[in-house]
Amino acid sequence: MNPETVADTVPGARRPHDGWVVAGLLAAATLACFALDDHVSLTSRAMVFMLAVVVAAYKLPWVASAACAVGSATLLNFFFIAPRFTLQVDSRENLVALFTMLTVALVISHLGTALRRETATARLNERRARELQQLAGELAAAARPEQVLVLARRFLGHSFPGPCSVALLGPDGQLAPPGQASGMDDGMRACIREAATLGPGTGRWPGLNAWYLPLRADTHIGGAACVQGVASSDHEGREHAQAICALLGQALWRLRLAADMHASEEQAHWHRTQNTFLAAISHDFRTPLAAIMGAASSLQTQRDKLSPAEQERLTASIANEAGHLSTLTENTLQLARLQNRGELHLDWQSMEELVGAVLARVRQRDAGRRIRSKVPSGLPLVKADPVLIAQALENLLDNALKYSTQGIELEVTLAGPRMEVAVHDRGPGIAAGAELAIFEPFRRGDQDATRGAGLGLAVCQAIARAHGGELTVRSREGGGSSFVLAIPVEADQPAAVAT
Ligand code: ADP
């Protein structure tokens, strides 16, 4: 795409070699007429000169083709109209013929020029329409204002021969980047203030040497453009620049709306999360708190009347409910943190050590010593937050202990680029169709008589995803389920392990 204007492509502007072309055409016509001197009439010779005029009108600018028309009439008169080799004309008939020929030649050259101008304008308009279409297509894919800026500079630069610059309005209402040439910022600011195109041919600020155009969509202005080296007569060029800027303005407006919508969605999501947590807290936290308060006040007020066994039962109930409350609080806070993109403390971790530490803790609650583990040695390290991974594994093991009465197996395997930690149990399994729903916060199985808030698996899933992994569940043959926590293993291991 080269910058092009109607003035470049239509007749009018004289080109250095046009004079030679006119001279050549006239010389060729004159020589042809001499060659045919004895064989054809004066009318035929006039036709030969007319042929030269038609060729000139078809090929040359207006000035050159008019010169060719005048030259043809002069040469015909000089060489071929009696008295020959003078500029005089002896008969009235010849004079009329000569003037008629001159007039026809001038009309032809005028018509030829007009035709070429229209053709050139049509071609230029077609090219500009294609450019606008291409710009609209590329703007549709732009996701950031910086991309719009790059497209604006590219398309304006391609469409206009003079220097172009574009600046967008930042959130502070200032132009960024500021224009380099002195006064350019002032022009851009003025066109933004007036929300109109300024410069030659616009009727506003005609003294400027460039067009200043707002990037505008309806009432929203996203920036401004400056196109230098323009002529006040180039209406089509100005309209094209305005069309480009309108497309840019609409794209900026679309991005602004999308950003606003994203921000409101984030806010709505945050409010939803808060509401969900408030609802959960009010429902799930109250029960254990009420139990603790009841047991504690009985112990406080009626300790003398209670048997040691009852006192023991109340104390155990307080410890049990407090433990439940602690897990609930931990899970709730973790989920809130992860859902609001809390920071992860990633570090190279040995899964063998992580699993060992978790098993040591969980086995204290596993009176039946049901958990077995299968962890191969020589596993690669994983980039993980040890506290979070431990919490996820503890939740999965606690669920297995809670929902099954038989043996539980924790197995670590390397599956391609992922490390999988699976917890297999022989519990009731997950109902068909509920395999995804159980990972949503506060979702519990329908048949659950066991105690819980439906948060454990949601936290595990959030932890897996925060690590770029996934938690899935599958049913086991022979009954029970396998929860598999998969997290990516990086190919670049730290030096100590790689050697
Ligand atoms: P909670 O256990 O507190 O209800 P979870 O998010 O840990 O919350 O689990 C959600 C639901 O998934 C549970 O209510 C239960 O129906 C089901 N579930 C979880 N783990 C198991 C398991 N190991 N076996 C069978 N069902 C399970």
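Just above, that's the structure.
Read on for an overview of the structure. (Residues numbered from 1 in each chain as written. Predicted model: local features only at pLDDT ≥ 70, side-chain atom pairs only at ≥ 80, totals over all residues. Heavy atoms only, no water.)

## What to know about the layout of surface pockets
Part 1 of the argument: By volume, the largest pocket is sized at about 1400 Å³.
Part 2 of the argument: Surrounding the largest pocket, 46 residues form its lining, D398, N399, K402, Y403 and R451 being those nearest its centre.
Part 3 of the argument: Contributing elements (two or more residues each) for the lining of the largest pocket: helix 9 (308–339), helix 11 (386–403), helix 12 (456–466) and strand 11 (481–488).
Part 4 of the argument: Ranked by the residues each element gives to the lining of the largest pocket, the list is headed by helix 9, at nine residues.
Part 5 of the argument: Here the lining of the largest pocket is built from residues that sort into 15 nonpolar, 18 polar and 13 charged. (1 Å grid on protein atoms, 1.4 Å probe; cavity = no way out; pocket = protein on both sides within 12 Å on 5 of 7 lines; lining within 4 Å. Points joined across faces, edges and corners; volume = space filled by probe spheres on them. Helix = DSSP H or I, 4+ residues; strand = E, 2+ residues; numbered from the N terminus. Nonpolar A, V, L, I, M, F, W, Y, C, P; charged D, E, K, R; others polar.)

## Looking at the pattern of salt bridges
Opposite charge on two side chains lets them pair, provided their charged atoms get close.
Part 1 of the argument: For the structure shown, the criterion picks out 16 salt bridges.
Part 2 of the argument: For the salt bridge of E411 with K374, the shortest nitrogen-to-oxygen distance reads 3.6 Å. With a gap of 37 residues between them, E411 in strand 8 (residues 408–415) and K374 in strand 6 (residues 371–374) connect regions that are remote in the sequence.
Part 3 of the argument: Assessed through its relative accessible area of 45%, K374 is described here as partly exposed.
Part 4 of the argument: Of the charged contacts in the structure, one is a salt bridge between E470 and R465, with a shortest N-O distance of 3.0 Å.
Part 5 of the argument: Among the charged side chains, a network of salt bridges with common partners joins R361, R365, E394 and D398. (Salt bridge = Lys/Arg side-chain N within 4 Å of Asp/Glu carboxyl O. Buried < 20%, exposed > 50% of the residue type's maximum accessible area, 1.4 Å probe, protein only.)

## Structural notes on the packing of helix 3 (residues 42–59) against helix 5 (residues 92–140)
Packed helix pairs are characterised by how far apart their axes lie and by the angle those axes make with each other.
Part 1 of the argument: Running from N to C, helix 3 and helix 5 cross one another at 20°; their axes reach a closest spacing of 8 Å. Between helix 3 and helix 5, the angle is such that the two are roughly parallel. The two elements helix 3 and helix 5 meet at a crossing, and its hand is right-handed. Across from L42, A46, F49, M50, V53, V54, A57, Y58 and K59 in helix 3, the residues of helix 5 making contact are N94, M101, V104, A105, I108, S109, G112, T113 and R116.
Part 2 of the argument: In terms of residue class, the contact of helix 3 with helix 5 is built from twelve nonpolar, four polar and two charged. (Axes fitted to C-alpha atoms, helices over the stretch in contact; angles between N-to-C directions. Parallel < 35°, antiparallel > 145°, perpendicular 65-115°, else oblique. Left-handed = near helix turned anticlockwise from the far one by under 90°. Contact = heavy atoms within 4.5 Å.)

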